[in-house]
Amino acid sequence: MEWRRMRRFNQLMTDAECIGVLRAERRGVLAMNGENGCPYAVPINFYYEPERNRIYFHGAREGLKVDLLRSNDKVCLTVFDQGVIPEGEWAYRVASVVIRGRAQIVTDETEAERAVHQLGLKYYPTAESVAQAMHRSFSKVQVYALTVDHMTGKRVKEA
């Protein structure tokens, strides 16, 4: 598929920089095609797996997000860092990554468990606490894999 080139290409981040943001940041905003033609966006926790070029996230087994993803799997995920103020300047420098792709339910139990375990390691303080949380809650969650079709990153100076 052909994607439009970023207009301000001098602010374009490399793939390695984009991956750095995805590994470091803890939350993103997932946008879906919503009801009545209105976009629907929700914050998510996620885990990026570069070997498969996939973003994993989870949620409840029922609800609006589940219904929307079942009817149209095309999504956009935006992740941005906290920004920094370079010494001697007043404006933040912010990095953002925009991913477009398709999010589908992970039906393979082994892949789902592995993804949730890796996701947990990103957010929980210990592997033991991840195991405990998975024991309590794994059967209640739906795991999704967002296959990355297109990824761009941009570093901007807010002013």
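Preceding this section is the structure that the text describes.
This one's a predicted model, so the numbers in the text were calculated from it and none came from an experiment.

In this section: the overall build of the protein. The secondary structure content of the protein amounts to four helices and seven strands. For the protein, the succession of helices and strands along the chain, N to C, is α-β-β-β-β-α-β-β-α-α-β. Its C-alpha radius of gyration of 17 Å places the protein within 12% of the 15 Å reference for a compact globule of 159 residues. When the backbone C-alpha atoms are referred to their principal axes, the protein occupies close to 50 × 40 × 25 Å.

Right, let's get into the sheet that holds strand S6 (residues 93-105). As summarised here, the arrangement of the seven strands in space is S2-S1-S5-S6-S7-S4-S3, forming an open sheet in which the pairing is antiparallel. Taken across any chain shown, the strands that pair with only one partner, and hence form the sheet edges, are strand S2 (40-45) and strand S3 (47-49). Strand after strand, the sheet turns through a mean of 35° between neighbouring axes, direction not considered. Across four bridges, the pairing between strand S1 (residues 27-32) and strand S5 (residues 74-80) is antiparallel. Paired with Leu30 across the bridge in S5 is Leu77. On the sheet, helix H1 (residues 15-24) packs against S3, strand S4 (54-60), S5, S6 and strand S7 (141-157) and is oriented at approximately 125° with respect to S7.

What follows is about the nonpolar core. Counting residues in each nonpolar core, the largest one holds 40 residues, and the members touching the most others are Leu22, Leu30, Ile55, Ile99, Val143 and Leu146. Here the element with the most residues in this core is S7; it accounts for seven residues.

Attention shifts here to the side chain of Lys65. As for its position among the elements, Lys65 is in helix H2 (residues 64-71). The charged side chain of Lys65 is buried without a salt bridge, its nearest counter-charge being Asp67 at 12 Å. In this view, Lys65 contacts Leu30, Met32, Val42, Ile44, His58 and Gly59; residues no more than four positions away in its chain are not counted.

Next up on the list: the pattern of salt bridges. Tallying each qualifying case throughout the model produces six salt bridges. Notably, a salt bridge pairs Glu89 with Arg93, separated by 3.1 Å at the nearest N-O pair. One salt-bridge network, held together by shared partners, links Glu49, Arg52, Arg54, Glu111 and Arg114.

To continue, consider H1. Working note: α-helix, 3.6 residues per turn, so residues spaced by three or four point in the same direction. Of all the positions in H1, only Cys18, Val21 and Leu22 are classed as buried. With its buried residues spanning 100° around the axis, H1 presents them on a single face. For H1, the exposed residues lying more than 90 degrees away from the buried face are Ala16, Arg23 and Ala24. Summarising the contacts, the buried residues of H1 are in contact with S3, S4, S5, S6, helix H3 (109-123) and S7.

The next point concerns H2. Listing the buried residues of H2 in full gives Lys65, Val66, Leu68 and Leu69. With its buried residues spanning 165° around the axis, H2 presents them on a single face. Relative to its buried face, H2 has exposed residues pointing more than 90 degrees away, namely Arg70 and Ser71. Buried residues in H2 make contact with S1, S2, S4, S5, S6 and S7.

Definitions and cut-offs
- Residues numbered from 1 in each chain as written.
- Predicted model: local features only at pLDDT ≥ 70, side-chain atom pairs only at ≥ 80, totals over all residues.
- Heavy atoms only, no water.
- Helix = DSSP H or I, 4+ residues; strand = E, 2+ residues; numbered from the N terminus.
- Rg over C-alpha atoms; globule rule 2.2 N^0.38 Å.
- Pairing = 2+ DSSP bridges.
- Axes fitted to C-alpha atoms, helices over the stretch in contact; angles between N-to-C directions.
- Contact = heavy atoms within 4.5 Å.
- Core = buried A, V, L, I, M, F, W, Y, C linked by side-chain atoms within 4.5 Å.
- Buried < 20%, exposed > 50% of the residue type's maximum accessible area, 1.4 Å probe, protein only.
- Lys, Arg positive; Asp, Glu negative; His and termini not counted.
- Salt bridge = Lys/Arg side-chain N within 4 Å of Asp/Glu carboxyl O.
- Arc of directions from axis to C-beta.

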